[in-house]
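A look at the structure
Take a look at the letters that make up each chain.
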2 protein chains.
Amino acid sequence: MSEVKDRLAALREKMREYGVDIYIVPSSDCHESEYVSAHFRAREYITGFTGSAGTAVITMEEAGLWTDGRYFLQAETQLAGSCITLYRMGEPGVPTVSEYVESQLRPGKCLGFDGRVMAAAKAQDFERMARSRGASLFASEDLVGMIWPDRPDIPDTKLWVLEECYSGESVDSKIARVRRAMGEQQADIHVLASLCDIAWLLNLRGGDIPCVPVTLSFLTLTRETCVWYVRSSIVTDEIRNYLSGHGVEIRAYDEIYKDLESLPMGRRVLLDSKNVNSRLLRSLPESTAVMDQSNPTELMKAVKNETEIKNIREAHRKESVAFTRFLYRLKTGKADLTELSAAEYLDACRAEQEHCLGQSFAPICAYGPHGAIVHYAATEESDVPIRRENFLLVDAGGHYLEGTTDTTRTIAMGPLKPEQKRMYTAVLRANLHLAHAKFRKGATGYSLDALCRESLWQLGMDFKHGTGHGVGYLLNVHEGPNAFRLQIPAGEAPAELVPGMVTTDEPGVYIAGEYGIRLENELLCVEGPSNEYGQFLEFEILTLIPFDRDAILAEEMSPEELQWLNAYHQRVYEMIGLYLPEKEREWLKEYTRAIFS
Amino acid sequence: MSEVKDRLAALREKMREYGVDIYIVPSSDCHESEYVSAHFRAREYITGFTGSAGTAVITMEEAGLWTDGRYFLQAETQLAGSCITLYRMGEPGVPTVSEYVESQLRPGKCLGFDGRVMAAAKAQDFERMARSRGASLFASEDLVGMIWPDRPDIPDTKLWVLEECYSGESVDSKIARVRRAMGEQQADIHVLASLCDIAWLLNLRGGDIPCVPVTLSFLTLTRETCVWYVRSSIVTDEIRNYLSGHGVEIRAYDEIYKDLESLPMGRRVLLDSKNVNSRLLRSLPESTAVMDQSNPTELMKAVKNETEIKNIREAHRKESVAFTRFLYRLKTGKADLTELSAAEYLDACRAEQEHCLGQSFAPICAYGPHGAIVHYAATEESDVPIRRENFLLVDAGGHYLEGTTDTTRTIAMGPLKPEQKRMYTAVLRANLHLAHAKFRKGATGYSLDALCRESLWQLGMDFKHGTGHGVGYLLNVHEGPNAFRLQIPAGEAPAELVPGMVTTDEPGVYIAGEYGIRLENELLCVEGPSNEYGQFLEFEILTLIPFDRDAILAEEMSPEELQWLNAYHQRVYEMIGLYLPEKEREWLKEYTRAIFS
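Position numbers for residues start from 1 in each chain and track the written sequence from start to end. Each chain gets a letter, beginning with A, and each ligand a number, beginning with 1, in the order they are written. The model is predicted, so local features are restricted to residues of pLDDT at least 70 and side-chain atom pairs to those at 80 or more, both for listing and for counting; the totals for chains, interfaces and linings are taken over all residues. Neither water nor hydrogens contribute to the side-chain values; these are computed over all heavy atoms in the structure.

Here we take up empty space enclosed by the protein. Empty space among the atoms can be located by rolling a probe the size of a water molecule over them. All names here are of chain A. Residues are called lining when one of their atoms sits within 4 Å of a cavity or pocket point, these points coming from a 1 Å grid over the protein atoms alone, where a cavity is a set in which a 1.4 Å probe fits but cannot get out and a pocket is an open set with protein on both sides within 12 Å along at least five of seven lines. Grid points are joined across faces, edges and corners, and a volume is the space filled by probe spheres set on the points. The final tally for this structure, using the stated rule, is seven cavities of 30 Å³ or more. Roughly 100 Å³ of internal volume is contained in the largest cavity. Numbering of helices and strands runs from the N terminus; a helix is a DSSP stretch of H or I covering at least four residues, while a strand is a stretch of E covering at least two. Per-element accounting of the lining of the largest cavity gives the leading share, three residues, to strand β1 (residues 22-25).

Right, dumping it as structure tokens:
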């Protein structure tokens with residue numbers, strides 16, 4: 001921990017040098033990515049806390065780390081002895097980062113952060129706050145970078161073209177669609193910094209970010225030009241030819257800032273200030289008219305096309321075969337696995353599948369009490385043997401050329417107590433209710449959220465995470481704008497659910513110190529009947545992995561719920577049975593037979 | 001209809017005189033009231049359409065009326081032969097008022113309306129639109145008023161004090177709470193134009209608006225002063241003394257405009273531009289800082305206090321006794337009633353109840369096919385006999401000193417077809433599901449809406465109106481901010497449901513040309529258990545009127561739903577049986593006995 005203290009001392013030295021009194025270190029790269037490459041883990045470097053979400057605020061007297069409920073335990077451990085105060089976000093009486101920063105601002109003080117790793121919208125909030133308190137803002141230097149001698153480089157990774165048989169739409173067609181959206185808004189230029197949006201638009205994939213096959217880059221689009229800002233060392237001749245064939249010009253990664261600075265007078269610029277970094281926004285000339293909106297690509301990439309849908313079904317078939325083989329091993333094999341070795345076994349099952357490109361996120365393989373830690377990640381230190389009792393919770397997913405998956409199953413590893421079965425059944429009912437929703441077009445994921453939670457609410461229970469998120473196609477496993485959520489973030493206009501959107505359905509129950517249960521399927525939104533009441537929509541369940549019949553209390557389920565379950569299990573067997581070795585197929589047949597109350 | 005043509009010609013004459021090319025006539029008074037007194041029915045005067053909702057737009061060449069689905073049939077009839085085009089709001093391809101107005105705007109044209117009857121927010125939208133099209137705005141004159149010789153006056157109506165045994169909170173306490181809210185926002189002055197908010201704040205009731213016992217007035221509040229702008233002719237000495245005892249000064253109704261004009265430099269003014277008229281906003285000096293937010297009173301009056309809750313239960317007991325006596329007459333009496341005489345009979349039953357102050361809205365008593373017209377109002381012309389077949393839909397409510405009610409029952413007037421029973425049962429299930437929701441604090445009426453609609457969605461059906469609205473206490477029967485709704489209006493932050501809010505639960509099914517079914521109860525939000533998952537909330541059903549057992553298909557209901565129904569019916573009998581004459585009590589006992597599948 002003395003290492004962290006030394007780093008803090010060095011940072012405070014730099015703060016003094018630049019006249020900064022309060023310095024914010026977020027967990028972001030220059031693209032507001034959810035996962036970031038090692039090069040950008042400044043917040044981890046300065047605090048020692050390795051969780052994926054968190055913000056550090058350093059003053060001359062104090063250093064604080066803000067993180068959410070997923071990481072309280074981990075942060076407590078990792079911050080111990082560091083003199084850094086842990087602020088538990090969302091707990092009563094705990095100030096938010098903004099409230100804390102505001103309380104520190106005084107006339108004449110200076111608030112600082114690196115403008116390249118702060119979203120423009122958030123930076124503007126801080127700017128307003130500083131101004132109203134008579135304080136100043138310093139956003140032009142990366143002070144942590146200055147005191148980080150062994151900072152990891154961004155290694156060169158492969159860049160490759162996602163063929164149209166996988167993407168289902170040519171780059172020309174996508175660019176034309178975005179240009180039409182720009183035309184409707186009378187925008188002269190569109191600035192894209194979101195890596196997944198750029199990858200989708202160019203039908204390119206890369207390897208700059210763990211678990212998300214994208215490339216660090218920016219893109220600008222006008223009615224005539226398309227410029228891709230990327231480090232030239234990773235662009236092969238093949239990629240250069242491919243792009244120039246689609247009218248895309250390549251420039252150096254950092255050149256975007258000065259290109260924006262030299263935009264002609266009065267240009268109308270379309271950008272999303274939640275996804276564009278503050279430095280980009282500040283590079284625009286004064287005369288620019290900024291149209292701050294969601295990127296048109298956000299909705300376009302969320303609504304999967306027919307080719308993608310066909311492929312995604314295939315990806316789920318493969319993932320479900322792998323996961324079911326994993327289940328067979330757990331339920332019938334020797335009790336010689338630990339959390340880590342079980343996760344490895346699942347990876348091995350997945351690797352056998354054709355076109356598999358690895359994990360779509362670091363898997364959660366959490367046995368017993370670990371299952372109650374929502375974002376548990378087993379380490380060498382925490383790893384435990386999986387015994388023949390209690391629950392094992394496994395949340396994992398893969399990337400395939402045919403798409404990306406995200407699934408959770410909770411497995412009864414031995415005889416369960418009635419209360420455990422009751423909880424499993426409640427979560428299962430919640431999952432099935434949402435999956436079988438029928439709804440009128442116009443509903444959002446916020447409208448449907450209660451259909452899932454209600455089964456738990458009736459028992460006086462709930463889960464403290466979202467009910468579901470959109471899933472990218474060989475991109476980030478977490479994708480917007482579709483989501484199932486209880487609370488609408490202030491100022492957000494929830495997205496209507498439309499056919500082609502893929503969203504997870506993942507209710508859970510977490511009993512601290514005992515076990516956790518989460519059951520997650522992916523749902524494809526499809527058209528239902530259309531009549532005088534409007535267009536109806538419903539879901540196709542993409543995931544084809546059995547639920548654990550050993551954990552189900554049939555008498556707690558209504559006849560309709562049992563029918564949903566039995567129909568699903570029959571479909572699972574029909575769709576993946578053929579792809580299993582005979583012994584496993586026989587087991588699956590038995591394991592998916594109808595359940596009656 | 002020649003009358004309407006003459007009026008349009010006279011209005012166009014005035015438009016020419018003032019150089020106005022497009023003139024908008026909304027259905028509003030100076031307070032954005034939902035119901036307006038006859039004096040303010042300018043839109044009705046100029047179009048001949050008497051429905052409560054609608055907007056007229058008149059140009060030199062065209063006159064259009066916009067109204068919603070509730071009024072399509074009525075508007076078609078009333079506009080026939082008038083040369084006014086009916087724009088059916090919400091139908092595909094029909095422009096909105098804004099879109100139409102925008103399409104008419106050209107450089108040099110002038111858009112006009114009376115700024116006192118247009119909400120400031122809406123007026124600002126039109127102003128921006130005119131500016132961006134190079135057109136001008138004229139909002140200072142009431143052109144319809146100039147050509148309306150026999151315009152009804154605003155008659156003097158009684159003004160009276162709602163005692164604290166009914167209101168549950170003194171004026172001093174209410175004013176202090178609003179001042180605290182102003183203090184939190186650092187507001188210097190608060191401008192209130194919403195009549196219900198003013199009536200709530202001053203514990204005063206009046207009679208200026210049909211069905212809403214309030215008085216036309218404005219109010220301004222500073223940290224030291226409270227000024228009520230009202231026509232002096234209705235203020236008795238008693239009221240004057242009462243108000244001066246609470247530090248409230250009285251000034252003339254129209255004086256507010258010049259008082260706002262002479263506000264000192266740089267004042268921070270709290271107001272809700274959706275409820276304050278455009279003229280008020282435009283009266284503020286340039287140097288004013290406007291804080292455009294919901295009135296603090298909106299949420300305060302929506303959350304009923306303990307006295308109000310106790311009273312509201314009593315109001316519902318009374319209304320339910322009256323409604324049940326009405327049901328008894330319909331189900332067992334002679335078949336000699338028509339829609340109008342049935343509604344009169346219900347009024348007579350209500351009038352027998354102590355402290356009854358009349359209808360809270362014009363009742364809907366709609367037989368057979370009329371039931372499918374969502375906001376049907378029987379007239380001498382449309383009135384039909386109620387026969388011994390099909391459904392009668394009755395949506396009615398009363399004002400009592402103890403509060404305001406709103407209830408709908410649909411009654412089987414004779415043998416029903418199986419399909420009719422299926423529909424009734426689906427609506428009943430929808431109603432019961434929402435009423436029995438349990439949910440975590442943080443949920444809004446938007447989160448819970450699907451719990452109601454889902455029973456209908458599963459059958460490929462829906463209803464094209466909101467699921468429920470807040471209910472005032474001896475104020476407007478429709479009140480915000482709480483509501484059950486599917487779609488969140490753009491830019492609105494939905495209100496969290498909190499204990500003390502009263503909201504209706506009114507799903508329906510409407511089969512055009514055949515019948516309509518709506519079942520409406522009022523729900524009081526109450527606290528449920530509080531545990532490690534948070535504070536849970538649930539509903540107490542305030543309405544105590546039986547559902548029609550002759551219309552229920554028990555086999556279509558789950559055991560849980562039947563249990564909800566039977567428990568409700570038992571409670572109805574226990575709570576109101578005692579207040580009925582013996583014969584009716586015996587009938588109710590039979591009529592509310594348990595139903596089994």
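Moving on from the model shown.
Further remarks concern the relation of the copies chain B and chain A. Of the transformation superimposing chain B on chain A, the axial component is 0.0 Å and the angular component is 180°, with the fit at an RMSD of 0.1 Å. Those values place the two copies in the arrangement expected of a two-fold rotation axis. The rotation axis passes nearest to the C-alpha of Ser 447 of chain B in chain B, at a distance of 2.6 Å. Only heavy atoms matter for contacts: two residues are in contact if any of them lie within 4.5 Å across the pair. Both copies share a contact surface, since 100% of the interface residues of chain B are interface residues in chain A too. The copies were overlaid by least squares, fitting only the C-alpha atoms of residues that reach a pLDDT of 70 or more in each copy.

The next subject is the interface of chain B and chain A. At the junction of the two partners, chain B supplies 31 residues and chain A supplies 31 residues. Each of two parts loses accessible area, computed with a 1.4 Å probe, when they are put together; buried area is these two losses added. On the chain B side of the interface with chain A, the three residues burying the most area are Arg 440, Trp 457 and Tyr 533 of chain B, jointly 23% of the side's total. By salt bridge we mean one thing: a side-chain nitrogen of Lys or Arg within 4 Å of a carboxyl oxygen of Asp or Glu. Counting every contact that joins chain B to chain A gives two salt bridges. Linking Asp 462 of chain A and Arg 440 of chain B is a salt bridge whose minimum nitrogen-to-oxygen distance equals 2.9 Å. Breaking the side of chain B that touches chain A down by element, the ones donating at least two residues are β21 (438-440), α17 (445-457) and β25 (508-511) of chain B. A per-element tally of the side of chain B that touches chain A places α17 of chain B first, with eight residues. Looking at the side of chain B that touches chain A residue by residue, the class counts come to 17 nonpolar, seven polar and seven charged. Note that Gly is not counted as nonpolar here; it falls among the polar residues with everything else outside the nonpolar set of Ala, Val, Leu, Ile, Met, Phe, Trp, Tyr, Cys and Pro and the charged set of Asp, Glu, Lys and Arg.

Here pLDDT means the predictor's own confidence in every residue, given as a number from 0 to 100. Looking at chain A as a whole, the pLDDT averages 95, with 99% of positions reaching at least 70. Here the predicted complex carries an ipTM of 0.87, next to a pTM of 0.91.

Our next topic: the pairing of strand β28 (residues 534-541) of chain A. All names here are of chain A. Of all eight residues that make up β28, six are buried, and the element is covered over most of its length. At least two bridges found by DSSP between two strands is the condition for calling them paired. By the bridge criterion, two bridges tie strand β21 (residues 439-440) to β28 in an arrangement that is antiparallel. Across the sheet, the residue bridging to Arg 440 is Phe 536, located in β28. Inspection of the sheet shows strand β27 (residues 521-531) paired to β28 by seven bridges, in the antiparallel sense. Its bridge partner being in β28, Cys 525 is matched across the sheet by Phe 539. Under the scheme applied here, a residue whose accessible area is under 20% of the maximum for its type counts as buried, over 50% as exposed, and between as partly exposed, the area being computed with a 1.4 Å probe on protein chains only.

Take the packing of helix α16 (residues 418-435) of chain A against helix α18 (residues 559-576) of chain A next. All names here are of chain A. Here α16 crosses α18 at 80°, and the two axes come no closer than 10 Å. One element, α16, and the other, α18, form an angle in the roughly perpendicular class. Contact residues: Leu 428, Arg 429, Leu 432 and His 433 in α16; Glu 561, Trp 564 and Leu 565 in α18. For the contact of α16 with α18, the residue count by class is four nonpolar, one polar and two charged. The convention used is that axes are lines fitted to C-alpha atoms, helices contributing only their stretch in contact, and that angles between N-to-C directions extend from 0 to 180 degrees. What sets the label is the angle itself: under 35 degrees gives roughly parallel, over 145 gives roughly antiparallel, 65 to 115 gives roughly perpendicular, and the rest give oblique.

What follows is about a negative patch on the surface. In this scheme, patches are assembled from residues that exceed 30% relative accessible area and form no salt bridge. Like charges are connected within 9 Å, while nonpolar side chains (Val, Leu, Ile, Met, Phe, Trp, Tyr) are connected within 5 Å. Per-residue accessibility takes into account occlusion by the displayed protein chains alone, with areas from the Shrake-Rupley method and a 1.4 Å probe. His is not counted, nor are the chain ends, whereas Lys and Arg count as positive and Asp and Glu as negative. Working definition for charges: the position is that of NZ of Lys, CZ of Arg, CG of Asp or CD of Glu. The grouping of Glu 163, Glu 164, Asp 172 and Glu 238 of chain A at the surface amounts to a negative patch. Secondary-structure assignment places Glu 163 of chain A in the loop between β7 (160-161) and α7 (164-167).

The subject of this paragraph is the sheet that holds strand β4 (residues 85-88) of chain A. All names here are of chain A. An order of β4-β3-β2-β1-β5-β6 is seen for the six strands of this open sheet, with the pairing classed as mixed. Unpaired on one side and paired on the other, β4 and β6 (136-138) mark the two borders of the sheet. Taking the axes of each pair of neighbouring strands and ignoring which way they run, one obtains an average angle of 20° across the sheet. For strand β2 (residues 55-59) and strand β3 (residues 63-67), the ladder comprises four bridges, and the chain directions are antiparallel. For Ile 58, the partnering residue across the bridge sits in β3 and is Ala 63.

Bringing the pairing of strand β2 (residues 55-59) of chain B into the picture now. Residues and elements named next belong to chain B. Across the five residues that make up β2, a large majority, five, are buried. Going residue by residue along β2, you find Thr 55, Val 57 and Thr 59 tucked away on one face and Ala 56 and Ile 58 tucked away on the opposite face as well. Note that strand β1 (residues 22-25) and β2 share four bridges and pair antiparallel. Within β2, the position partnered with Val 25 by the bridge is Ala 56.

Residues and elements named next belong to chain B. Within the element layout of this structure, Glu 540 appears in strand β28 (residues 534-541). Counted as a polar contact is a pair of N or O atoms within 3.5 Å, where, for protein atoms, one must be capable of donating a hydrogen and the other of accepting one, and residues adjacent in sequence contribute only when both atoms are in side chains. A distance of 2.7 Å separates a polar atom in the side chain of Glu 540 from a polar atom in the side chain of Arg 313. Discounting residues that sit within four places of it in the chain, Glu 540 has contacts with Arg 313, Glu 522, Leu 523, Leu 524, Val 526 and Arg 571.

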